Amino acid sequence: MPQASTATRTRWTNWAGNQSALPARTATPGTAEELAKEILRAADQGRTVKAVGSGHSFTAIASAGDGLLIRPHALTAVREIDRTAGTVTVESGLPLNRLNRILAAEGLSLTNMGDIEVQTVAGATSTGTHGTGRDSGSLAAQIRALEIVLADGTLKRCSPTENPRLFQGARLGLGALGVITALTFGVEPAFLLSAHEQPMDFDEVLERLDDLTAINEHFEFYWFPHTDRCSTKRNNRSQGPAAPLPRFKEWLEDDFLSNTVWEGACRVGRRFPRSIPSIAALASRAWSDRSYTDTAFRVFTSPRKVRFVEMEYAVPRAAVAEVLRELKALVERSDWKVSFPVEVRFAPADDLWLSTASGRDSAYIAVHLYRGTADQGYFTGVEALMTAHQGRPHWGKLHTRDAEYLAGVYPRFGDFTALRDEVDPQRVFGNDYLRRVLGA
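Given the structure is predicted, the values throughout are model-derived calculations rather than measurements.

### As for the nonpolar core
Okay, so step 1: Judged by nonpolar contacts, the single largest core of 57 residues is most densely connected at Leu 99, Ile 148, Phe 185, Leu 354, Trp 395 and Leu 438.
Okay, so step 2: Apart from the residues lying within four places of it in its own chain, the contact partners of Leu 438 are Leu 174, Ala 176, Leu 354, Ala 403, Phe 413, Phe 416, Thr 417 and Arg 420.
Okay, so step 3: Counting 48 residues, the second-largest nonpolar core is a separate cluster that includes Leu 209, Phe 224, Phe 308 and Val 382.

See below:
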């Protein structure tokens, strides 16, 4: 039985606590029909409509302002698992952590995923959430079909053969085209991943980067500012047997040390910034060499309880070593005290209009600040460096780029904005963030 739609006025705040809004109304429709009625009602009242998932974006992409905020938490059903087609169809509000476990119970898996699994499926795909992969791309690139309610209340089903232009835009649509109600993902038989985590020097990682990204299915690394040390991670498919980390060791290293102890270290660094280089030196040596083999989603994902704000840019894969050397030099000659490591991941080119990997092999460089830490120019300096290399900002992470800049780095940007003009000419799904990044 679908949950009845509700409408109340409540404040919305995102996960990081840096974005909030007090929408005029909040609704939780349980069916596409209820959702359509809510959208039409808001439009008749001259109000905008925004859907929100887990609030894990750092930008105001989901802020409803004084409009209608749609929560998808009553749209969480698994509609169909089609083993012959290799697909699963789920409703938009289903969290990734639930999807991963549902698929595992059925002996299935997504091909690739990010390292955080608290997002809803629609929120993750609509903002371009990604992991790292030599051959496999973002979650949005794994979508085979979708269902979306448009500004006029119509329910559209989209795939490469049904409403293909809408499908091309809505797979990664920023919430600008409508409200997604269901997604069909490509899946495959469940598989094991063998993870090898190894400390390496910064220069060695960059010197071996072409080899490391070529021979490993999933390679990523973290560089600790104020040091020359990195922690690398290589994930590759394994025939088994499974050899997961002992439960206590997993808790100790991935939860207690990486979250509880790290939270305390970040608080010390926020209170006493001069201590941060020493903390970074200790933290970089706490990441030891280890290997284990486990179910794919358990290797891809990990708990992230320490709250922060983040900026991430995708740069051309061929430029990443140069960009990272410039970033290291920038940190070394500045007065910044950077507690969080810099995260570097990779993705192959894809054909999604607004994907950060659209049309080019890409490397992702993510920088973070612990919550409540004053940004003394770190994000501004990093952004200037990234944009000098034609960087594309992650849609859900902090940046200051506007439509003029973005039109110059996305070859299909005009196709997306033209589609938006067709399906939402009155900007029912607009907000301040979308006006900045897509134009009025």
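Picking up where we left off.
### Details of a nonpolar patch on the surface
Okay, so step 1: There is a patch of nonpolar side chains on the surface, built from Phe 248, Trp 251, Phe 256, Leu 257 and Val 261 and spanning about 470 Å² of accessible area.
Okay, so step 2: As for its position among the elements, Trp 251 is in helix H7 (residues 247-271).

### Brief notes about the side chain of Ser 92
Okay, so step 1: For Ser 92, the position within the fold is in the loop between strand E8 (87-91) and helix H2 (96-105).
Okay, so step 2: On the basis of relative accessible area, Ser 92 is assigned to the buried category, the value being 2%.
Okay, so step 3: Polar contacts involving the side chain of Ser 92 include one to the main-chain carbonyl oxygen of Ile 180, which spans 3.0 Å.

### Observations regarding the layout of surface pockets
Okay, so step 1: One number sums up the size of the second largest pocket: a volume of about 210 Å³.
Okay, so step 2: Forming the boundary of the second largest pocket are 14 residues, of which Pro 273, Lys 337, Thr 373, Ala 374 and Gln 376 lie nearest the centre.
Okay, so step 3: Residues of the lining of the second largest pocket, tallied by class, amount to seven nonpolar, three polar and four charged.

### Considering the environment of Glu 383
Okay, so step 1: Within the secondary structure layout, Glu 383 lies in helix H11 (residues 378-388).
Okay, so step 2: When the C-alpha positions of Glu 383 and Glu 312 are compared, they lie 8.8 Å apart, and in sequence the two are 71 residues distant.

### A look at H11
Okay, so step 1: With eight of eleven residues buried, H11 lies mostly within the body of the structure.
Okay, so step 2: All of the buried residues in H11 are Tyr 378, Phe 379, Gly 381, Val 382, Glu 383, Leu 385, Met 386 and Thr 387.
Okay, so step 3: Elements in contact with the buried residues of H11: strand E18 (308-316), helix H10 (320-332), strand E19 (342-347), strand E20 (362-370) and helix H12 (403-409).
Okay, so step 4: Directly after H11, the chain includes Gln 390, whose backbone phi takes a positive value near 60°.

### Side note on unusual backbone geometry
Okay, so step 1: Geometrically, the link from Gly 240 to Pro 241 is a cis peptide bond, its omega value of 5° lying close to zero.
Okay, so step 2: Along the polypeptide, Pro 241 turns up in the loop between strand E16 (229-238) and H7.
Okay, so step 3: Phi is positive for His 226, close to 75°, though the residue is something other than glycine.
Okay, so step 4: Relative to the helices and strands, His 226 is located in the loop between strand E15 (218-223) and E16.
Okay, so step 5: In this structure His 226 comes out as partly exposed when scored by relative accessible area, which is 30%.
Okay, so step 6: At Arg 427, a position not held by glycine, the phi torsion is positive, near 60°.
Okay, so step 7: Summarising the element assignment, Arg 427 is placed in the loop between helix H13 (413-423) and helix H14 (432-438).

### Describing empty space enclosed by the protein
A water-sized probe, rolled over the atoms, reveals where empty space remains.
Okay, so step 1: Across all of its chains, the model carries five cavities of 30 Å³ or more by this definition.
Okay, so step 2: For the largest cavity, the calculated volume is near 70 Å³.
Okay, so step 3: Lining the largest cavity, in full, are Asn 112, Met 113, Gly 114, Asp 115, Gly 131, Thr 132, Glu 220, Asn 235, Phe 300, Glu 343 and Arg 345.
Okay, so step 4: Tallied by class, the residues present in the lining of the largest cavity amount to two nonpolar, five polar and four charged.
Okay, so step 5: The space that makes up the second largest cavity amounts to roughly 60 Å³.
Okay, so step 6: Every residue along the wall of the second largest cavity is listed here: Gly 128, His 130, Gly 137, Ser 138, Leu 172, Ala 347, Pro 348, Asp 350, Ser 355, Thr 356, Ala 357 and Tyr 364.

### Quick look at the confidence of the model for the protein
Okay, so step 1: Mean pLDDT over the protein works out to 94, with 98% of the residues at or above the 70 mark.
Okay, so step 2: Long-range and interchain partners of residues 1-7, a stretch whose pLDDT sits below 50, account for 21 contacts in this model, where long-range means more than four residues apart.

### Observations regarding the packing of aromatic side chains
Okay, so step 1: Inspection of every chain in the model, using the stated rule, returns ten aromatic pairs.
Okay, so step 2: Put simply, the rings of Trp 15, Phe 58, Phe 308 and Phe 340 pair up and form one aromatic cluster.
Okay, so step 3: Geometry around Tyr 405 places Arg 401 over its ring, the cationic atom sitting 5.2 Å from the centre.

### Focus: the packing of H10 against H11
Okay, so step 1: For the pair H10 and H11, the least separation of the axes is 11 Å and the interaxial angle reads 150°. Regarding the angle of H10 to H11, the classification is roughly antiparallel. The crossing of H10 and H11 is right-handed. Facing Val 323, Glu 326, Leu 327, Leu 330 and Val 331 of H10, the residues of H11 in contact are Tyr 378, Gly 381, Val 382, Leu 385 and Met 386.
Okay, so step 2: A breakdown of the residues in the contact of H10 with H11 according to their chemical character gives eight nonpolar, one polar and one charged.

### Details of the side chain of Gln 168
Okay, so step 1: Tracing the chain through its elements places Gln 168 in helix H4 (residues 164-170).
Okay, so step 2: Reaching out from Gln 168, the side chain makes a polar contact with the side chain of Arg 171 at a distance of 2.7 Å.
Okay, so step 3: If we skip the residues at most four places from it in the chain, Gln 168 touches Asp 351, Leu 352 and Trp 353.

### Describing the pairing of E20
Consecutive residues of a regular strand have side chains that alternate between opposite faces of the sheet.
Okay, so step 1: The buried fraction of E20 amounts to nine of the nine residues, a majority that puts the element mostly inside the structure.
Okay, so step 2: Residues Ser 362, Tyr 364, Ala 366, His 368 and Tyr 370 line one face of E20 and the alternating positions Ala 363, Ile 365, Val 367 and Leu 369 line the opposite face, and both faces are buried.
Okay, so step 3: Bridge analysis of E18 against E20 gives nine bridges, and the strand direction is antiparallel. Along E20, the bridge assignment pairs Glu 312 with Ala 366.

### Some words on the sheet that holds strand E11 (residues 155-158)
Okay, so step 1: Strand order in the open sheet formed by five strands is E7-E8-E12-E10-E11, and the pairing between neighbours is antiparallel. The open sheet terminates on both sides in strands that have one partner only, identified here as strand E7 (78-82) and E11. When the angles between neighbouring strand axes are averaged without regard to direction, this sheet yields 10°.
Okay, so step 2: Strands in contact with helix H1 (residues 32-44) are strand E10 (143-149), E11 and strand E12 (179-186); relative to E10, the strand with the most contacts, it is inclined by about 50°.

Rules used in this analysis
- Residues numbered from 1 in each chain as written.
- Predicted model: local features only at pLDDT ≥ 70, side-chain atom pairs only at ≥ 80, totals over all residues.
- Heavy atoms only, no water.
- Core = buried A, V, L, I, M, F, W, Y, C linked by side-chain atoms within 4.5 Å.
- Buried < 20%, exposed > 50% of the residue type's maximum accessible area, 1.4 Å probe, protein only.
- Contact = heavy atoms within 4.5 Å.
- Patch = residues over 30% accessible without salt bridge, like charges linked within 9 Å, V, L, I, M, F, W, Y side chains within 5 Å.
- Areas by Shrake-Rupley, 256 points an atom, 1.4 Å probe, with all protein chains shown as cover.
- Salt bridge = Lys/Arg side-chain N within 4 Å of Asp/Glu carboxyl O.
- Helix = DSSP H or I, 4+ residues; strand = E, 2+ residues; numbered from the N terminus.
- Polar contact = N/O pair within 3.5 Å; in protein donor to acceptor, adjacent residues only side chain to side chain.
- 1 Å grid on protein atoms, 1.4 Å probe; cavity = no way out; pocket = protein on both sides within 12 Å on 5 of 7 lines; lining within 4 Å.
- Points joined across faces, edges and corners; volume = space filled by probe spheres on them.
- Nonpolar A, V, L, I, M, F, W, Y, C, P; charged D, E, K, R; others polar.
- pLDDT = per-residue confidence, 0-100.
- Phe/Tyr/Trp six-rings, centres within 6.5 Å; stacked < 30°, edge-to-face > 60°.
- Lys NZ or Arg CZ within 6 Å of the ring centre and 35° of its normal.
- Axes fitted to C-alpha atoms, helices over the stretch in contact; angles between N-to-C directions.
- Parallel < 35°, antiparallel > 145°, perpendicular 65-115°, else oblique.
- Left-handed = near helix turned anticlockwise from the far one by under 90°.
- Pairing = 2+ DSSP bridges.

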